[in-house]
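So you can see what is in the structure, the chains are spelled out below.
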2 protein chains.
Amino acid sequence: MESHPTLRLRVFDLNCWAIRYLSKRRQERVRLLGDMLRREDFDLVLLQEVWSEQDYSDLKAKLGSCYPFSHYFRSGVIGSGLCVFSRFPILDTLLYQYSLNGYPYMLQHGDWFCGKSVGLVIIKISGIIFNVYVTHLHAEYCREKDAYLPHRLVQAWELAQFVRHTSKAADVVLLGGDLNMHPEDVGIRLLRGWTGLRDAFVEATHFEGCEDGCTLVPSNCFTGKSELQPFPLGIRIDYILYKAISSFTVKCEELKTTTGPAPGMDVPFSDHEAVMATLHIQRQGQAAGSTSGTAEPTLADVVTEARTEVGAGLRVAQRQRYSSGRMAVLALLLLLVQAAAALGVLVGLDAGQPFPKLSFCLLAFLAIGILALAAGLHVFHTMEVKMLHGTEEQMRMALRALQERP
Amino acid sequence: MESHPTLRLRVFDLNCWAIRYLSKRRQERVRLLGDMLRREDFDLVLLQEVWSEQDYSDLKAKLGSCYPFSHYFRSGVIGSGLCVFSRFPILDTLLYQYSLNGYPYMLQHGDWFCGKSVGLVIIKISGIIFNVYVTHLHAEYCREKDAYLPHRLVQAWELAQFVRHTSKAADVVLLGGDLNMHPEDVGIRLLRGWTGLRDAFVEATHFEGCEDGCTLVPSNCFTGKSELQPFPLGIRIDYILYKAISSFTVKCEELKTTTGPAPGMDVPFSDHEAVMATLHIQRQGQAAGSTSGTAEPTLADVVTEARTEVGAGLRVAQRQRYSSGRMAVLALLLLLVQAAAALGVLVGLDAGQPFPKLSFCLLAFLAIGILALAAGLHVFHTMEVKMLHGTEEQMRMALRALQERP
């Protein structure tokens, strides 16, 4: 077998929790992160929740000498929060905004306003084409009754499809981000199974960091202790995934997570722990076989499971569309009745004016308000139904293709 | 040179103008279209503006025997309107919804509600991988003062980027659709230059149909005559574009358009004319060179021109964001003043009650209405600014890459 030189790549991934006005000690943490990244000299840095473009610009200015190439992905109202810093030139970029991402009226959660997306940057190192994806999926606010599961599954499916369709000319695929899914969740099994991506934590020869590779741990001073109560060790929701296409192999030599504040610091970089992987990439003598770690009957089961959840979400969305539509019709009827009554008074049919003017006006305004709100909700849930239906249909096609394969 | 067999592919493209309740003689036209497609036996049929899923299902049922494979792309409130019928198995699909697509409050135009997108279907014929794209860009309602130009340019750019990033493993790329751009417009020059796609009308050895290949002609009984007044021959806004990647060549042997009603019919299929191309695909002995017909200095000029227009759109969007934000603040101030006055009356500071109750309430409701509307607009225009800014930035990167190329 021929011997080819090995490329060693150090990748850093972190959900920075840098929400302006809301995140504690944000500027201090971003400054510390910048100092550390400059010191450590990674090859690739994938960040999420850098919501403020000013924070990105500050990091860019600080890191210019060691990471001369960078990209910030803009989307949604607040921004996608996604950015990449690289020691190697970025050849091209593409952004894909997920079609579903929570509800605009869930202001307390706010995911809708972020325009959650996946960003792709293409990088060439020593002649090897890397497709690097950075993403952040919808948060899970209540694991027992997760109202956002169908949306997160649509995102996981769109992420998998986007990676598959855009990485066909790549030699190596890297994906880093906060997927908001535990390792055994259906969404991550779907993503891994459908793309063939491997989990750096599972594959790592050497691991150092929080137990079980957790990235949201109770010992971090910024995490919500009550949410993590059922998980005394914490949860693992931040990932570095990879695979080699064509004639390359990728091995994860070492995986690390941060474990709270670095030595000499009194504050961790974020409420999440960072994930750091050292990957070895080598050209092989002959083309590697399929890197998919999932046998196809299992993959069909995973797609079926995901499709069932999306179907359940579809039925909920259809009910919400119906309710909001009915509410709009009722408000419209009320307005029509009021208009008829007002007309009656005007043409002198009912000179007694049985209803006080003020209440009459208040009622009309209420009806107009409800009509506008219900119509808006109806439009929104119609779009939701369309996208859930479309995804369910795509999954059905995928299942058929899996079953037809010899 | 080796001799390889030639594959002959007949492609049909039409904007069907099949809007439920609005389009004239819709069902009759869809039926006639189905009959003709069954008779003509094309290889690939790319349709736009099939807004009703029922129309799609009817076509699917009618065409099942000659086009056994089909896909309908769902998006937006009404649906993307895009669908594909194929004689060959569809291996995979992907939908990309454009990030900007008009304004929700422009109800009379309605583009926003359609969720304009590009759909990709992957087809394999005789071992050749075809990436087939079908799309429909934002309409142009006033050519002299085209308020939607920046949005259409963002769409053209996203379309070009999507084609480039997803077609790297394809042998042949085909794109059909209503691009709502004249052949000399900056958007189509950008799309062709940035992807290397060639225009079937320009390349065709033999042409038959409306003069200059026009697809929206005054002689069609459904077209708006006043809009077409400056163009006595009509305009060409529906295209079939193609290119070969890797070691293939594509030639357009024949291009046809419909010319109003077919013989024996009293109604055309749509307000648009259909475009029909016969393509010859041949494997070459050696890899073909770049198929880009545009020299790079020219391409840089086109990207610069497009970037200028997107920049102008960005400034308009920024002004609208500012105006709506200011309006929201003023409405909020009015509400606060009213709340203070009401509080004054309640605590007995002003027992005289200087303002009639009814007017007071009406004013409060008006302020709440304006606040909600202005806040919604502010959120929308903030997203618009983000996406225009992001596209401008991407175009800047592309320009730098073009200039740096040796």
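What counts as what
- Residues numbered from 1 in each chain as written.
- Chains lettered and ligands numbered in written order.
- Predicted model: local features only at pLDDT ≥ 70, side-chain atom pairs only at ≥ 80, totals over all residues.
- Heavy atoms only, no water.
- Helix = DSSP H or I, 4+ residues; strand = E, 2+ residues; numbered from the N terminus.
- Buried < 20%, exposed > 50% of the residue type's maximum accessible area, 1.4 Å probe, protein only.
- Contact = heavy atoms within 4.5 Å.
- Areas by Shrake-Rupley, 256 points an atom, 1.4 Å probe, with all protein chains shown as cover.
- Lys, Arg positive; Asp, Glu negative; His and termini not counted.
- Charge placed at Lys NZ, Arg CZ, Asp CG, Glu CD.
- Least-squares fit on C-alpha atoms with pLDDT ≥ 70 in both.
- Phe/Tyr/Trp six-rings, centres within 6.5 Å; stacked < 30°, edge-to-face > 60°.
- Lys NZ or Arg CZ within 6 Å of the ring centre and 35° of its normal.
- Pairing = 2+ DSSP bridges.
- Axes fitted to C-alpha atoms, helices over the stretch in contact; angles between N-to-C directions.
- 1 Å grid on protein atoms, 1.4 Å probe; cavity = no way out; pocket = protein on both sides within 12 Å on 5 of 7 lines; lining within 4 Å.
- Points joined across faces, edges and corners; volume = space filled by probe spheres on them.
- Nonpolar A, V, L, I, M, F, W, Y, C, P; charged D, E, K, R; others polar.
- Disulfide = S-S within 2.5 Å.
- UniProt positions renumbered as here; feature names shortened; annotations may be inferred.
- Buried area = accessible area lost by both parts, 1.4 Å probe.
- Salt bridge = Lys/Arg side-chain N within 4 Å of Asp/Glu carboxyl O.

1. Remarks on the overall build of chain A
Working step 1: Scanning chain A for helices and strands turns up 8 helices and 13 strands.
Working step 2: In terms of overall dimensions, chain A has C-alpha extents of about 100 × 60 × 40 Å along its principal axes.
Working step 3: In chain A, which comprises 406 residues, the share counted as buried stands at 53%.
Working step 4: Taking the contacts inside chain A whose residues are at least 6 apart along the sequence as the reference set, 75% of them involve residues at least 24 apart.
Working step 5: Carbon and sulfur atoms provide 57% of the accessible area of chain A, an area that totals close to 17,700 Å².
Working step 6: Of the charged side chains in chain A, 40 are positive and 42 negative; the average position of the first set lies 4 Å away from that of the second.

2. Some remarks on the relation of the copies chain B and chain A
Working step 1: Mapping chain B onto chain A calls for a screw motion: a turn of 180 degrees about the axis and a shift of 0.1 Å along it, with 0.1 Å RMSD after fitting. Here the symmetry operator amounts to a two-fold rotation axis. Relative to the rotation axis, the C-alpha of Thr166(B) is the closest in chain B, positioned 2.3 Å from it.
Working step 2: Interface residue correspondence from chain B to chain A reaches 100%, placing this contact among same-surface, isologous pairings.

3. Some remarks on the packing of aromatic side chains
Working step 1: Summed over all chains, the structure comprises 30 aromatic pairs over all chains.
Working step 2: With centroids separated by 5.1 Å and ring planes inclined at 50 degrees, the aromatic side chains of Phe12(A) and Phe42(A) adopt a geometry described as tilted. Within this pair, whereas Phe12(A) is found in strand 1 (residues 6-18), its partner Phe42(A) is found in the loop between helix 1 (26-40) and strand 2 (44-50), the two being separated by 30 residues in sequence.
Working step 3: Note on Tyr141(A) and Tyr148(A): the rings are 5.8 Å apart at their centroids and 70 degrees apart in plane angle, and the pair reads as edge-to-face.
Working step 4: Since its relative accessible area comes to 35%, Tyr141(A) is described here as partly exposed.
Working step 5: Ring-pair connections join several aromatic residues into one group, and the members of that group are Tyr96(A), Tyr98(A), Tyr133(A), Phe162(A), Tyr96(B), Tyr98(B), Tyr133(B) and Phe162(B).
Working step 6: Across the ring face of Phe42(A), the terminal group of Arg10(A) is positioned such that the distance to the ring centre comes to 4.5 Å.
Working step 7: Directly above the aromatic system of Phe222(B) lies the positively charged group of Arg29(B), at a separation of 5.3 Å from the ring centroid.

4. Considerations on the environment of Leu191(B)
Residues and elements named next belong to chain B.
Working step 1: Its location among the elements puts leucine 191 in helix 4 (residues 186-195).
Working step 2: Overall, leucine 191 belongs to the buried group, its relative accessible area being 0%.
Working step 3: The sequence separation of leucine 191 and leucine 46 amounts to 145 residues, and the corresponding C-alpha distance is 19 Å.
Working step 4: Leaving out residues up to four positions away in the same chain, leucine 191 has contacts with Ala156, Leu159, Ala160, Leu175, Leu179, Gly196 and Leu241.

5. Quick look at the sheet that holds strand 12 (residues 248-257) of chain B
All names here are of chain B.
Working step 1: Across the sheet, which stays open at both edges, the 7 strands sit in the order 3-4-2-1-13-12-10 with mixed pairing between neighbours. In the strand order of this sheet, the two ends are held by strand 3 (69-72) and strand 10 (206-208), each with one partner. On average, adjacent strands in this sheet sit at an angle of 20 degrees to one another, irrespective of strand direction.
Working step 2: With 4 bridges joining them, strand 3 and strand 4 (residues 83-86) adopt antiparallel strand pairing. If you follow phenylalanine 69 over to strand 4, its bridge partner there is serine 86.
Working step 3: Contacting strand 1 (6-18) and strand 2 (44-50), helix 1 (residues 26-40) runs over the sheet at an angle of about 175 degrees to strand 1.

6. A look at empty space enclosed by the protein
Working step 1: Considering all chains together, one arrives at 4 cavities of 30 Å³ or more under this definition.
Working step 2: Counted as a void, the largest cavity has a volume near 180 Å³.
Working step 3: Broken down by secondary-structure element, the contributors of at least two residues to the lining of the largest cavity are helix 4 (149-166) and helix 8 (357-404) of chain A together with strand 3 and strand 5 (90-97) of chain B.
Working step 4: Here the lining of the largest cavity gets 6 residues from one element, more than from any other, and that element is helix 8 of chain A.
Working step 5: In terms of residue class, the lining of the largest cavity is made up of 7 nonpolar, 5 polar and 4 charged.

7. So, the state of the cysteines
Working step 1: What the rule picks out here adds up to 0 disulfides over all chains.
Working step 2: Just so you know, Cys221(A) is unpaired, no disulfide at all, and the nearest cysteine sulfur is the one on Cys210(A), 13 Å from it.

8. What about the UniProt feature "domain: Endonuclease/exonuclease/phosphatase" (unreviewed entry) in chain A?
Working step 1: With numbering matched to this structure, UniProt assigns "domain: Endonuclease/exonuclease/phosphatase" (unreviewed entry) to residues 15-272 of chain A.
Working step 2: Across residues 15-272 of chain A, helical content stands at 24% and strand content at 29%; the span's end C-alpha atoms are separated by 6 Å.

9. So, the side chain of Thr391(A)
All names here are of chain A.
Working step 1: Tracing the chain through its elements places threonine 391 in helix 8.
Working step 2: A residue is classified by how much of its surface remains accessible, and threonine 391, at 4% relative accessible area, is buried.
Working step 3: Ignoring any residue separated from it by four or fewer positions in sequence, one finds threonine 391 in contact with Val154, Trp157 and Val310.

10. Digging into the interface of chain B and chain A
Working step 1: In this assembly, 40 residues from chain B lie in contact with 40 residues from chain A.
Working step 2: Where chain B abuts chain A, roughly 3,800 Å² becomes buried across the two surfaces, and 69% of that area is made up of carbon and sulfur atoms.
Working step 3: When the area that chain B buries against chain A is broken down by residue, the three leading residues are Arg74(B), His165(B) and Lys386(B), summing to 18%.
Working step 4: Where chain B packs against chain A, one counts 2 salt bridges.
Working step 5: Arg164(A) is the salt-bridge partner of Asp92(B), the closest N and O atoms lying 2.8 Å from each other.
Working step 6: Listed by contribution, the elements that provide at least two residues to the side of chain B that touches chain A are strand 5, strand 6 (117-125), helix 3 (149-166) and helix 7 (357-404) of chain B.
Working step 7: Of all the elements, helix 7 of chain B adds the most residues to the side of chain B that touches chain A, at 15 residues.
Working step 8: Residue composition of the side of chain B that touches chain A, by class: 19 nonpolar, 13 polar and 8 charged.

11. Points about the sheet that holds strand 6 (residues 117-125) of chain A
Residue and element names in this part refer to chain A.
Working step 1: The 6 strands are arranged 5-6-7-8-11-9 in an open sheet whose pairing can be described as mixed. Bordering the open sheet on either side are strand 5 (90-97) and strand 9 (198-199), each of which pairs with just one other strand.
Working step 2: In terms of strand pairing, strand 9 meets strand 11 (residues 238-244) through 2 bridges, oriented antiparallel. Its bridge partner lying in strand 11, arginine 198 is registered against tyrosine 242.

12. Digging into the pattern of salt bridges
Residues and elements named next belong to chain A.
Working step 1: Per the counting criterion, the structure on display carries 34 salt bridges over all chains.
Working step 2: Salt-bridge contacts for arginine 189 lead to glutamate 305; the nearest nitrogen and oxygen are separated by 3.0 Å. In this pair, arginine 189 is assigned in helix 5 (residues 186-195) and glutamate 305 in helix 7 (residues 296-346), connecting sequence segments 116 residues apart.
Working step 3: Residue classification places glutamate 305 among the partly exposed positions, given a relative accessible area of 35%.
Working step 4: Among the charged side chains, a salt-bridge network with shared partners connects Glu140, Arg143, Glu184 and Asp185.

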